[in-house]
Amino acid sequence: KRPLVGDRSYSGNIEMSKQFLDHGLYLCSNKVSLLHPYYNTEEGRKQWEALDTEDKYRGGMICLSDDGSNKVLVHAEIEVPQYFQDLLDTRTSSASDV
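Report follows, based on the coordinates. (Residues numbered from 1 in each chain as written. Predicted model: local features only at pLDDT ≥ 70, side-chain atom pairs only at ≥ 80, totals over all residues. Heavy atoms only, no water.)

Points about the packing of aromatic side chains
Part 1 of the reasoning: The full count for this structure, using the stated rule, is two aromatic pairs.
Part 2 of the reasoning: An angle of 50° between the planes, with centres 5.8 Å apart, marks the rings of Y38 and Y39 as tilted.
Part 3 of the reasoning: Judged by relative accessible area, which is 30%, Y38 ranks as partly exposed.
Part 4 of the reasoning: Plain terms: the ring middles of W48 and Y57 are 5.7 Å apart, the flat faces sit at 85° to each other, and that makes the pair edge-to-face.
Part 5 of the reasoning: We classify Y57 as partly exposed; its relative accessible area is 30%.
Part 6 of the reasoning: The ring of W48 carries the charged tip of K56 above its face, separated from the ring centre by 4.7 Å. (Phe/Tyr/Trp six-rings, centres within 6.5 Å; stacked < 30°, edge-to-face > 60°. Buried < 20%, exposed > 50% of the residue type's maximum accessible area, 1.4 Å probe, protein only. Lys NZ or Arg CZ within 6 Å of the ring centre and 35° of its normal.)

This is how it looks when you write it as structure tokens:
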């Protein structure tokens, strides 16, 4: 678990938090995996099983779960927004200077 900058209960460093609060919320989820809403139904699963491999996995966007449940998952991923990446790069270089 990681604290959110500006969270008075958990961030711990209120002074550092104040530096970021004027620049927006720095919260980013650039990857997500969800259960496919149709292919995990009885009818949808039959249709998915009948697809050829290329259509079935769509370049890695769809796959079977690896937890043994054999559920169909949908993956979505975007690049980290540049302003967020700039912050990460700054924090990483500051940490390595210590």
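From this point, the narrative continues.
A look at the sheet that holds strand β3 (residues 72–77)
Part 1 of the reasoning: As summarised here, the arrangement of the three strands in space is β1-β3-β2, forming an open sheet in which the pairing is antiparallel. The open sheet has two edge strands with one neighbour each: β1 (31–35) and β2 (62–64). Strand-to-strand twist in this sheet, taken as the mean axis angle between neighbours without regard to direction, amounts to 30°. (Pairing = 2+ DSSP bridges. Helix = DSSP H or I, 4+ residues; strand = E, 2+ residues; numbered from the N terminus. Axes fitted to C-alpha atoms, helices over the stretch in contact; angles between N-to-C directions.)

Comments concerning the side chain of R45
Part 1 of the reasoning: In this fold, R45 is placed in helix α2 (residues 42–50).
Part 2 of the reasoning: Engagement of the side chain of R45 in a polar contact is seen with the backbone oxygen of N70, the distance being 2.8 Å.
Part 3 of the reasoning: Excluding its chain neighbours within four sequence positions, the residues that come into contact with R45 are Y38, Y39, N40, L64, N70, K71 and V72. (Polar contact = N/O pair within 3.5 Å; in protein donor to acceptor, adjacent residues only side chain to side chain. Contact = heavy atoms within 4.5 Å.)

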